[in-house]
Amino acid sequence: MAKHDHLEYEDAAQKKISSTPTLKGLAKIARDCRACDLWKRGTQVVFGEGEPNSTVMFVGEVPGDREDRAGKPFVGPAGNLLDKALAEAGIDRSKVYVTNAVKHFNWEPRGKRRIHKKPRTSEITACRPWLDAEIARLKPKVIVCLGATAAKVLLGPKFRVTQHRGEFIDSSLAPHVMATVHPSSILRAPDDDTRHLETQRFTDDLKKIAQLIPHDLADTKAPRPTSDAPKVSAVATENSLRGASAKSGAQVPATKTEPPPARHQRSPQG
Ligand code: URA
Ligand code: SF4
């Protein structure tokens, strides 16, 4: 696409996103996204998934081979590890919303296998409006970044998961924001002992989330509203989309020692 066409495309795409009030609607229009070249590599878009009333959002990096085939996030080996750690922490996966910073699988061939390839900055930037729109529609109380890619996207390029994992970070994105390791990094541990230890640390981070809003996350079978109604005006959404990338900031945000009480109102960022 020529540069001019690209700008026109982006403008049109942005308008479509802004005028789509529900997560379901966003997932549908994302199928036609051509904002970067990854759509050509993947089988299908892998949009975020979960209850539209979820209070907690998990953000990974990019779908893998299994996710690409299934069209669902975190259903492969990393997803299995995430599911187990969530269960161990007392969090019902069906109560949370799970998504990725980039919505199309990126891979390179190795023999017959398709090997996950890290997304480029340009692809992460191109995909950002979808993530911003998901946050604006869901308005989660808690956002958990899984790994460095999600953490850098949402907390700024200087953020280091190695230094601040498991800490609650001041952010206008949600009342509580935390980054921890990506489950894939645990799967790559060099030996069983390390893997076991890292799984435990990961689970401990998730337990902090479970303590924050236990009733919202446990498998209590408590009745909850299920509508996918918009929770944010089109104007707020658009503002969030326009300003979010700039606001993600180059500074490492301040960390909080204690999780603050859950707030229900939203910041202007949506
Ligand atoms: N890794 C991710 O970051 N996301 C997925 O959906 C699967 C693996
Ligand atoms: Fe669009 Fe994101 Fe897919 Fe690129 S990776 S085509 S920006 S949905």
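Quick caveat, the model's predicted, so the values are computed rather than measured.

Turning our eyes to something else, we now look at the overall build of the chain. If you tally the helices and strands in the chain, you get 12 helices and 8 strands. In the chain, buried positions account for 42% of the 270 residues. A sequence separation of at least 24 residues applies to 77% of the contacts in the chain between residues at least 6 apart.

Another aspect to go through is the site of ligand 2. Residues in close proximity to ligand 2 total 15 residues, the closest being Cys33, Ala35, Cys36, His104 and Cys127. For the shell around ligand 2, the elements supplying multiple residues, two or more each, are helix 3 (38-41) and helix 6 (121-138). Among the elements that take part in the shell around ligand 2, helix 6 stands out by supplying 4 residues, more than any other. Of the residues that constitute the shell around ligand 2, the class distribution is 11 nonpolar, 1 polar and 3 charged.

Our next topic: the nonpolar core. Core analysis: the largest hydrophobic core is formed by 66 residues, its most contacted members being Val59, Ala101, Cys127, Ile143, Val144, Cys145 and Leu154. Counting residues per element, this core draws most heavily on helix 6, at 9 residues. In this structure, isoleucine 143 is in contact with Met57, Val59, Leu154, Leu173, Ala174 and Val177, ignoring residues within four places of it in sequence.

Right, let's talk about the site of ligand 1 for a bit. Residues in contact with ligand 1 amount to 13 residues; listed here are only the nearest, Gly60, Glu61, Gly64, Pro73 and Ala78. Broken down by class, the residue content of the shell around ligand 1 amounts to 5 nonpolar, 6 polar and 2 charged.

Quick look at the pairing of strand 3 (residues 107-110) now. As defined by bridge partners, strand 3 adjoins strand 4 (residues 113-116) across 4 bridges and the pair is classed as antiparallel. Each bridged residue has a counterpart across the sheet, and for tryptophan 107 the counterpart in strand 4 is histidine 116. The turn linking strand 3 back onto strand 4 is made up of 2 residues, and glycine 111 within it adopts a positive phi angle of 60 degrees.

Attention now goes to the pairing of strand 7 (residues 176-180). Extensive coverage of strand 7 is indicated by the burial of 5 of its 5 residues. Here strand 7 shows two buried faces, one formed by His176, Met178 and Thr180 and the other by Val177 and Ala179. Sheet analysis places strand 5 (residues 142-146) next to strand 7, joined by 5 bridges and oriented parallel. Within strand 7, the position partnered with valine 142 by the bridge is histidine 176.

With phi around 50 degrees, phenylalanine 74 is a residue other than glycine that occupies positive phi space. Along the polypeptide, phenylalanine 74 turns up in the loop between helix 4 (65-70) and helix 5 (77-89). Even without being a glycine, lysine 139 presents a positive backbone phi close to 45 degrees. In this structure, lysine 139 sits in the loop between helix 6 and strand 5.

Of all 8 residues that make up helix 7 (residues 148-155), 7 are buried, and the element is covered over most of its length. The set of residues buried in helix 7 consists of Thr149, Ala150, Ala151, Lys152, Val153, Leu154 and Leu155. Among the structural elements, strand 1 (56-60), helix 6, strand 5, helix 8 (161-164), strand 6 (168-169) and strand 7 are those in contact with the buried residues of helix 7. Backbone geometry just after helix 7 places glycine 156 at a positive phi near 105 degrees.

Tracing the backbone shows arginine 160 in the loop between helix 7 and helix 8. With 13 residues separating them along the chain, arginine 160 and glycine 147 place their C-alpha atoms 9.5 Å apart.

Bringing helix 2 (residues 23-30) into the picture now. For helix 2, the full list of buried residues reads Leu23, Leu26, Ala27 and Ala30. Projected down its long axis, helix 2 shows its buried positions confined to an angular sector of 100 degrees, all on one face.

In this section: the confidence of the model for the chain. Taken residue by residue, the chain gives an average pLDDT of 86. The fraction at 70 or more is 80%. Here residues 261-270 is modelled with pLDDT under 50, and outside its nearest four sequence neighbours on either side it reaches 19 contacts, counting other chains as well.

The geometry of helix 5 relative to helix 10 (residues 192-212) is characterised by a closest axis approach of 8 Å and an angle of 55 degrees between their N-to-C directions. Overall, the two elements helix 5 and helix 10 adopt an arrangement that is oblique. In the packing of helix 5 onto helix 10, the handedness of the crossing is right-handed. Mapping the contact onto sequence places Ala85, Leu86, Glu88 and Ala89 in helix 5 and Thr199, Phe202, Thr203, Leu206, Lys207 and Ala210 in helix 10. Of the residues that constitute the contact of helix 5 with helix 10, the class distribution is 6 nonpolar, 2 polar and 2 charged.

Conventions used here
- Residues numbered from 1 in each chain as written.
- Chains lettered and ligands numbered in written order.
- Predicted model: local features only at pLDDT ≥ 70, side-chain atom pairs only at ≥ 80, totals over all residues.
- Helix = DSSP H or I, 4+ residues; strand = E, 2+ residues; numbered from the N terminus.
- Buried ≥ 20, exposed ≤ 12 C-beta atoms within 10 Å, placed from the backbone.
- Contact = placed C-beta atoms within 7 Å.
- Near = placed C-beta within 6 Å.
- Nonpolar A, V, L, I, M, F, W, Y, C, P; charged D, E, K, R; others polar.
- Core = buried A, V, L, I, M, F, W, Y, C linked by C-beta atoms within 7 Å.
- Pairing = 2+ DSSP bridges.
- Arc of directions from axis to C-beta.
- pLDDT = per-residue confidence, 0-100.
- Axes fitted to C-alpha atoms, helices over the stretch in contact; angles between N-to-C directions.
- Parallel < 35°, antiparallel > 145°, perpendicular 65-115°, else oblique.
- Left-handed = near helix turned anticlockwise from the far one by under 90°.

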